[in-house]
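# Structure assessment
As a plain string of letters, each chain reads:
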Amino acid sequence: MPTDIEVILNDRPGELARLGEITGESGVNVLGLAAVTGEGKGVVHILVDDDVAARCREKLESAGMGVVEVRPVMVIDVEHRPGTLGELARELSDAGVNIDLAYTTFGGVRLVIATDDLDAAASALAWPSDRTTPDPPSIWDQPE
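The name recorded for the protein chain in an unreviewed UniProt entry is Amino acid-binding protein, from Planotetraspora phitsanulokensis.

In C-alpha cells:
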C-alpha cells in the first residue's frame, strides 16, 4: 500500500527544494504531493512507496524536518471527466467514510485518499485493501 508522509516546513524560499533534494538523494521517488502554507509554516504531504517510507522519514527527520505523520493511503484511478470527485466522495460518504485528506498524484488521473477507516473505504469502493502497489483498478470498472 502507498504511504503518505506529512511534513511541517518553515515557510521560506528553498524549504520545498530541500525536501525534494533530501528525498532524491535518499533514492525516494515522490509519487504525489500536496502543499499549503499559513502562519509561517508549510504543511506538505508526499506520497511514497511503502517500502521506502521508513527510510524517507528517517532522512527527513535527520535533516531537521518535522515529520508529523506517516500513514497508509489509498490511490484510486479516476476518470478524467466532470463529476467524478463528487461520485467517489458520495460513495465513501454513503458508506460512512470521512475523507480527511485528498490530493492527486503525478502522472495520470489518480486520487490519494486518507481516512481513519481504510477498510471501510476499500470495501465501499470494492478496492483490494491488501494491494502492495499504488496501481489499483479503476473504481468505475468494478462489478456492482
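Don't stop here, the text continues.
## Points about the sheet that holds strand β1 (residues 3-10)
Strand order across the open sheet formed by 4 strands is β2-β3-β1-β4, with antiparallel pairing between neighbours. If you trace the sheet from one side to the other, it starts and ends with β2 (32-38) and β4 (66-72), each paired once. On average, each strand axis in the sheet is tilted by 15° relative to the strand beside it, whichever way the strands run. Relative to strand β3 (residues 41-48), β1 runs antiparallel, the two sharing 8 bridges. Bridged to threonine 3 within β3 is valine 48. Helix α1 (residues 15-25) rests against β1, β2 and β3 of the sheet, and its axis sits at about 140° to β1.

## Points about the pairing of β1
Successive residues of a regular strand alternate their side chains across the two faces of the sheet. Buried residues dominate β1, accounting for 6 of its 8 residues. Pairing of β1 with β4 involves 6 bridges; the strand directions are antiparallel. Bridged to aspartate 4 within β4 is arginine 71.

## A look at unusual backbone geometry
Of note in the backbone geometry, glutamate 39 takes a positive phi value of approximately 50° without being a glycine. Relative to the helices and strands, glutamate 39 is located in the loop between β2 and β3.

## Concerning helix α3 (residues 84-94)
For α3, every residue scored as buried is listed here: Thr84, Leu88 and Leu92. Projection of α3 onto a plane perpendicular to its axis shows the buried side chains occupying an angular sector of 65°, all on one side.

## A short note on the pattern of salt bridges
For the coordinates displayed, the defined rule picks out 6 salt bridges. The shortest N-O distance in the salt bridge between glutamate 15 and arginine 12 comes to 3.8 Å. A relative accessible area of 7% places glutamate 15 in the buried class. The salt bridge partner of glutamate 79 is arginine 81, with a shortest N-O separation of 3.1 Å. For glutamate 79, a relative accessible area of 37% gives the class partly exposed. Among the charged side chains, a salt-bridge network with shared partners connects Arg12, Glu15 and Arg18.

Conventions used here
Residues numbered from 1 in each chain as written. Predicted model: local features only at pLDDT ≥ 70, side-chain atom pairs only at ≥ 80, totals over all residues. Heavy atoms only, no water. Pairing = 2+ DSSP bridges. Helix = DSSP H or I, 4+ residues; strand = E, 2+ residues; numbered from the N terminus. Axes fitted to C-alpha atoms, helices over the stretch in contact; angles between N-to-C directions. Contact = heavy atoms within 4.5 Å. Buried < 20%, exposed > 50% of the residue type's maximum accessible area, 1.4 Å probe, protein only. Arc of directions from axis to C-beta. Salt bridge = Lys/Arg side-chain N within 4 Å of Asp/Glu carboxyl O.

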